[in-house]
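One-letter residues, chain by chain:
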Amino acid sequence: MPELPEVETVRRGLLPAMEGRVIERAEVNRPDLRWPLPDNMAARLTGARILRLRRRSKYILADLDRGETLLIHLGMSGRMLVSGVALGEFVIDHPTPQKHDHIVFHMEGGGRVTFNDARRFGAMDLFPTGAEDSYWLLEKLGPEPFSNQLNEEYLTARLRSRASPIKTLLLDQAIVAGLGNIYVCEVLFRAGIDPRRQGRQIAEKRLRPLVAIIREVLEEAIEAGGSSLRDHRQADGELGYFQHRFKVYGREGAPCQNCGQPVLRIVQSGRSSFYCAHCQR
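Small disclaimer: the values here were computed from a predicted structure and weren't measured.

Rules used throughout
Residues numbered from 1 in each chain as written. Predicted model: local features only at pLDDT ≥ 70, side-chain atom pairs only at ≥ 80, totals over all residues. Heavy atoms only, no water. Helix = DSSP H or I, 4+ residues; strand = E, 2+ residues; numbered from the N terminus. Rg over C-alpha atoms; globule rule 2.2 N^0.38 Å. Buried < 20%, exposed > 50% of the residue type's maximum accessible area, 1.4 Å probe, protein only. Contact = heavy atoms within 4.5 Å. Disulfide = S-S within 2.5 Å. Phe/Tyr/Trp six-rings, centres within 6.5 Å; stacked < 30°, edge-to-face > 60°. Arc of directions from axis to C-beta. Polar contact = N/O pair within 3.5 Å; in protein donor to acceptor, adjacent residues only side chain to side chain. Axes fitted to C-alpha atoms, helices over the stretch in contact; angles between N-to-C directions. Parallel < 35°, antiparallel > 145°, perpendicular 65-115°, else oblique. Nonpolar A, V, L, I, M, F, W, Y, C, P; charged D, E, K, R; others polar. Patch = residues over 30% accessible without salt bridge, like charges linked within 9 Å, V, L, I, M, F, W, Y side chains within 5 Å. Areas by Shrake-Rupley, 256 points an atom, 1.4 Å probe, with all protein chains shown as cover. Salt bridge = Lys/Arg side-chain N within 4 Å of Asp/Glu carboxyl O. Expected span 1.5 Å × (residues − 1).

Peer 1: What's the story with the overall build of the chain in this structure? I'm lost.
Peer 2: When its secondary structure is counted, the chain shows 7 helices and 12 strands. At 20 Å, the chain has a C-alpha radius of gyration in line with the 19 Å of a compact globule built from 281 residues. By principal-axis analysis of the C-alpha atoms, the chain measures approximately 55 × 40 × 30 Å. For the chain, the proportion of its 281 residues judged to be buried stands at 51%. Expressed as a percentage of contacts within the chain between residues at least 6 apart in sequence, the contacts between residues at least 24 apart total 65%.

Shown next as structure tokens:
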């Protein structure tokens, strides 16, 4: 599942083609993705101008001039492919339509944005702009990692009273929005914290640096273009490269880059955790 850096990378790639532009024609080729698509989606989008393209957690949000917001979730294999508009120094020609091109946005200025999702785990929906606090996919999300709401006092208070493993707590979207398995592994390695330790067992002085480390890891990943695992692609089709910088994730048995001891893998709540038993306590 793409995490915050991947989604932010896609959002930035979509900006030249979508933000400030009119959707001249929305082409909806099936009635559902992970869930049913909204009623009359093509008609509601055709002719609408995208005022702002933003991100909330792992969702891309396009605010329209009709008072609605289009929510886009990439799922496990969803790709947003841009063609016919300049991305940096390149203009990518419109590709031949593919079997899994489920939604196509024909944009003002000749650009095209295609949502391709072979496994259909992605999603799109429309809801009233400004109603995020009551919209079912967004209402329970915690603060964004780069927001002022996420600070040392807030995060320490949310973690120190909990008996759950610190890995589980940082994956809780109600505590911090957008963090996923990959980057939590990397954050805990840099913090020197064992992913199995309960939040209440960790001293406050060890928890307080987590906010800065979370931002550091995410900023590096976004700068590198996001991690491209399995089917994820950037909006321009290029792969991201942050996976080559992983210190522990996916490196089971490889030597720790700090101490040389082998990186271990355990399963927590059905997800793999990678860590160094010597460096993380």
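There is more to say after this.
Peer 1: I would appreciate a short explanation of the state of the cysteines in the present structure.
Peer 2: Evaluation of the coordinates by the stated rule reveals 0 disulfides. This cysteine, Cys-185, is not joined by any disulfide, and Cys-276 carries the nearest cysteine sulfur, 13 Å off. Assessed through its relative accessible area of 2%, Cys-185 is described here as buried. With no disulfide of its own, Cys-259 lies closest to Cys-276 among cysteine sulfurs, the gap being 3.5 Å.

Peer 1: For this particular structure, what's the right way to read the packing of aromatic side chains?
Peer 2: How two aromatic rings sit relative to each other is given by the distance of their centres and the angle of their planes. Across all of its chains, the model carries 5 aromatic pairs by this definition. With a centroid separation of 5.1 Å and an interplanar angle of 70°, the aromatic rings of Trp-35 and Trp-136 are classed as edge-to-face. Remark: Trp-136 occurs in the loop between β10 (123-128) and α3 (152-160) and Trp-35 occurs in the loop between β1 (23-28) and α2 (41-45); sequence separation between them is 101 residues. A relative accessible area of 31% places Trp-35 in the partly exposed class. A centroid spacing of 5.1 Å and a plane angle of 70° characterise the contact between Tyr-249 and Phe-274, whose relative ring orientation is edge-to-face. Placement of the pair is Tyr-249 in the loop between α7 (210-223) and β11 (264-268) and Phe-274 in strand β12 (residues 271-275), with a sequence separation of 25 residues. Given a relative accessible area of 8%, Phe-274 falls into the buried group. Three or more aromatic residues link up through ring pairs in this structure, and these residues are Trp-35, Phe-127, Tyr-135 and Trp-136.

Peer 1: Help me out: how do you make sense of α3 in this one?
Peer 2: Side chains three or four residues apart in an α-helix point the same way, a direct result of the helix having 3.6 residues per turn. All of the buried residues along α3 are Leu-155, Thr-156 and Leu-159. The arc that holds every buried residue of α3, seen down its axis, measures 100°, which confines them to one face. Away from the buried face of α3 by more than 90 degrees, exposed residues Glu-153 and Ala-157 are located. Buried residues along α3 sit in contact with α4 (166-171), α6 (204-207) and α7. A side-chain oxygen of the first residue of α3 lies 3.2 Å from the backbone nitrogen of Glu-153; this N-cap is Asn-151.

Peer 1: Would you mind showing me how to read the packing of α3 against α7 here?
Peer 2: For any two helices packed against each other, one specifies the inter-axial angle together with the distance between the axes. Remark: α3 packs on α7, axes separated minimally by 9 Å, with the N-to-C direction vectors making an angle of 105°. Of the possible angle classes, the one that applies to α3 and α7 is roughly perpendicular. From α3, Glu-152, Leu-155 and Leu-159 reach across to α7, where they touch Leu-210, Val-211 and Ile-214. Split into classes, the residues belonging to the contact of α3 with α7 amount to 5 nonpolar, no polar and 1 charged.

Peer 1: So what exactly am I meant to see when it comes to a nonpolar patch on the surface here?
Peer 2: A contiguous nonpolar surface patch, about 260 Å² in accessible area, is contributed by Met-1, Met-76 and Phe-121. Considering the arrangement of structural elements, one finds Met-1 in the segment before α1 (4-18).

Peer 1: Please clarify how α7 should be interpreted in this entry.
Peer 2: In a regular helix each residue adds 1.5 Å, so 14 residues correspond to 20 Å; α7 covers 20 Å between its end C-alpha atoms and thus fits that length. Buried within α7 are the following residues: Leu-210, Val-211, Ile-213, Ile-214, Val-217, Leu-218, Ala-221 and Ile-222. The arc that holds the buried residues of α7, viewed along the axis, is 170°, so those residues lie on one side. Opposite its buried face, α7 presents the exposed residues Ala-212 and Glu-223, each directed more than 90 degrees away. Contacts made by the buried residues of α7 are with α1, α3, α5 (181-191) and α6. Phi for Gly-225, located one or two positions after α7, is positive at around 100°.

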